[in-house]
Amino acid sequence: LESTLVNLIVNAFEAMREGARGAHALHIGAAVEAGELVLSVADSGPGVAAENRERIFYPFFTTREQGTGVGLAEVHKAVASHGGSIEVLDREGGGALFLVRLPLEDSR
């Protein structure tokens, strides 16, 4: 899961670098909600176009000139292998918000 967070953070920095000039913000969060660990990575980049939101997790799909399309596909694979899910939303104020939801183990 460490590589999952690293990939999401690197992706956010690349998106912000390609977006508008000026100050940018990256927010990383973690919370427990309804029996799940919810990890969030939000950036102030250009966001993800609605028509690309599902495809960004496909292997070798990229919108970047120098991109390989491997990072987010690996994120999706790792999250799914832990029984979780990932989604991308518009961030309030602009940018993208990635939410990773992972089930917590039963502690009984």
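Preceding this section is the structure that the text describes.
Notes on the structure in this doc start here. Computed from a predicted model, the values in this text were never measured in an experiment. (Residues numbered from 1 in each chain as written. Predicted model: local features only at pLDDT ≥ 70, side-chain atom pairs only at ≥ 80, totals over all residues. Heavy atoms only, no water.)

Think of a ball as big as a water molecule: rolled over the atoms, this probe shows where empty space is left. In this model, the largest pocket occupies a volume close to 620 Å³. Considering the residues around the largest pocket, the lining is formed by 28 residues, among which Asn-11, Glu-14, Thr-62, Arg-64 and Leu-72 are closest to the centre. Elements with a minimum of two residues in the lining of the largest pocket: helix H1 (2–18), helix H2 (71–81) and strand E4 (96–103). It is H1 that contributes the most residues to the lining of the largest pocket, 7 residues altogether. (1 Å grid on protein atoms, 1.4 Å probe; cavity = no way out; pocket = protein on both sides within 12 Å on 5 of 7 lines; lining within 4 Å. Points joined across faces, edges and corners; volume = space filled by probe spheres on them. Helix = DSSP H or I, 4+ residues; strand = E, 2+ residues; numbered from the N terminus.)

A few words now on the sheet that holds strand E1 (residues 26–33). The strands making up a sheet associate through hydrogen bonds between their backbones, and the pairing can be parallel or antiparallel. Reading across the sheet, the 4 strands line up as E1-E2-E4-E3 and stay open at both edges, with antiparallel pairing between neighbours. Looking along the sheet, the strands with just one partner apiece sit at the ends: E1 and strand E3 (85–90). The mean angle between the axes of side-by-side strands here comes to 15 degrees, regardless of whether they run parallel or antiparallel. (Pairing = 2+ DSSP bridges. Axes fitted to C-alpha atoms, helices over the stretch in contact; angles between N-to-C directions.)

A few words now on unusual backbone geometry. Positive phi, normally seen in glycine, also occurs at Ala-34, with a value near 50 degrees. As for its position among the elements, Ala-34 is in the loop between E1 and strand E2 (36–43). Look at Ala-34 and you get exposed, because its relative accessible area is 83%. (Buried < 20%, exposed > 50% of the residue type's maximum accessible area, 1.4 Å probe, protein only.)

A few words on H1. Taking 1.5 Å of rise per residue, the 17 residues of H1 would be expected to cover 24 Å, and the 24 Å separating its terminal C-alpha atoms lies within 8% of that figure. Restricting attention to buried positions, one finds in H1 the residues Thr-4, Leu-8, Asn-11, Ala-12, Ala-15 and Met-16. Viewed along the axis of H1, the buried residues span an arc of 130 degrees, placing them on a single side of the element. Residues of H1 that are exposed and point over 90 degrees away from its buried face: Glu-2, Arg-17 and Glu-18. Turning to H1, the residues buried within the fold contact E1, E2, H2, E3 and E4. (Expected span 1.5 Å × (residues − 1). Arc of directions from axis to C-beta. Contact = heavy atoms within 4.5 Å.)

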